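Now for the letters of each chain:
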Amino acid sequence: MSSPVLFVIVGKNEPLFEAEIDTSLSSTGGTPGGVTQQQSEMSTRQNYFVLHSALDLVEKSAWTTNSMYLRVVDKVNQQQVSTFLTAANVKFMLLHGGKGEEVIKNFFNEVYGYYVKVRTYMPYYLPFSNVGIITYDECLTPS
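What counts and how
Residues numbered from 1 in each chain as written. Predicted model: local features only at pLDDT ≥ 70, side-chain atom pairs only at ≥ 80, totals over all residues. Heavy atoms only, no water. pLDDT = per-residue confidence, 0-100. Helix = DSSP H or I, 4+ residues; strand = E, 2+ residues; numbered from the N terminus. Contact = heavy atoms within 4.5 Å. Pairing = 2+ DSSP bridges. Axes fitted to C-alpha atoms, helices over the stretch in contact; angles between N-to-C directions. Core = buried A, V, L, I, M, F, W, Y, C linked by side-chain atoms within 4.5 Å. Buried < 20%, exposed > 50% of the residue type's maximum accessible area, 1.4 Å probe, protein only.

Going by an unreviewed UniProt entry, the protein carries the name Trafficking protein particle complex subunit 2 and comes from Stephanodiscus triporus.

Written out as structure tokens, the structure is:
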């Protein structure tokens, strides 16, 4: 069974955007085979906890590299937290089940491009404000 992929954009102290993609759901919807709604909610809370706990490791890793892509900063059970850090210290964090590193890096570069477009083409966008607009959400949702 594949674990959900959780993507979060974090500003200074707050999440700006959150998206959870469950790759184990069937095309008809519902929860994965044998998983109850309560177990699914517990798993989601645990995933957010893992990402939140990785924030300290992201801050530590940011001082040890010049790269925007920080790679895997934390591993918990079979899940890994990969991070991309923008010049404005906005963190793109992805909790995943150990996908290929090149795929993750390409994902972050694509999302960064979308993020820059949102910041560029929206003159009234306030730094560190919620970027959860519908078009941005559609860009990240797999077709």
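Colleague: I'm lost on the confidence of the model for the protein in this one. Help?
Modeller: Should the pLDDT be low somewhere, the predicted coordinates at that spot are not to be read in detail. Of all residues in the protein, 71% have pLDDT values of 70 or greater, and the mean over the chain is 79. Here helix H3 (residues 134–140) is the element of the protein with the lowest mean pLDDT, 59, and strand E4 (residues 79–85) is the one with the highest, 93. Note on residues 26–33: pLDDT is under 50 here. Beyond four places in sequence and across chains, it has seven contacts.

Colleague: Got a minute to help me understand the sheet that holds strand E5 (residues 91–96) in this structure?
Modeller: What holds strands together in a sheet is hydrogen bonding between their backbones, with the strands either parallel or antiparallel. Within the open sheet, the five strands sit side by side as E2-E1-E5-E4-E3. Their pairing is antiparallel. For this open sheet the edge positions go to strand E2 (15–21) and strand E3 (69–76), each flanked by a neighbour on one side alone. Taking each pair of neighbouring strands and ignoring which way they run, the sheet shows an average axis angle of 15°. Bridge count between E3 and E4: six bridges; the pairing is antiparallel. Residue pairing for E4: Val 76 is matched across the bridge by Gln 79. On the sheet, helix H2 (residues 101–121) packs against strand E1 (5–10), E3, E4 and E5 and is oriented at approximately 145° with respect to E5.

Colleague: Is there a simple way to explain the nonpolar core in this structure?
Modeller: Within soluble globular proteins, side chains that are nonpolar generally end up buried alongside one another. Counting 15 residues, the largest nonpolar core has Phe 7, Ile 9, Val 90, Phe 92, Leu 94 and Phe 108 as its most contacted members. Among the secondary structure elements, those contributing two or more residues to this core are E1, E2, E5 and H2. No other element matches the four residues that H2 contributes to this core. Apart from residues no more than four positions distant in its own chain, Phe 92 is found in contact with Phe 7, Val 8, Ile 9, Ser 82, Thr 83, Phe 84, Thr 86, Phe 108, Val 111, Tyr 112 and Tyr 115. If you look at the next biggest cluster of nonpolar residues, it comprises 13 residues, including Leu 6, Val 8, Val 10 and Val 73.

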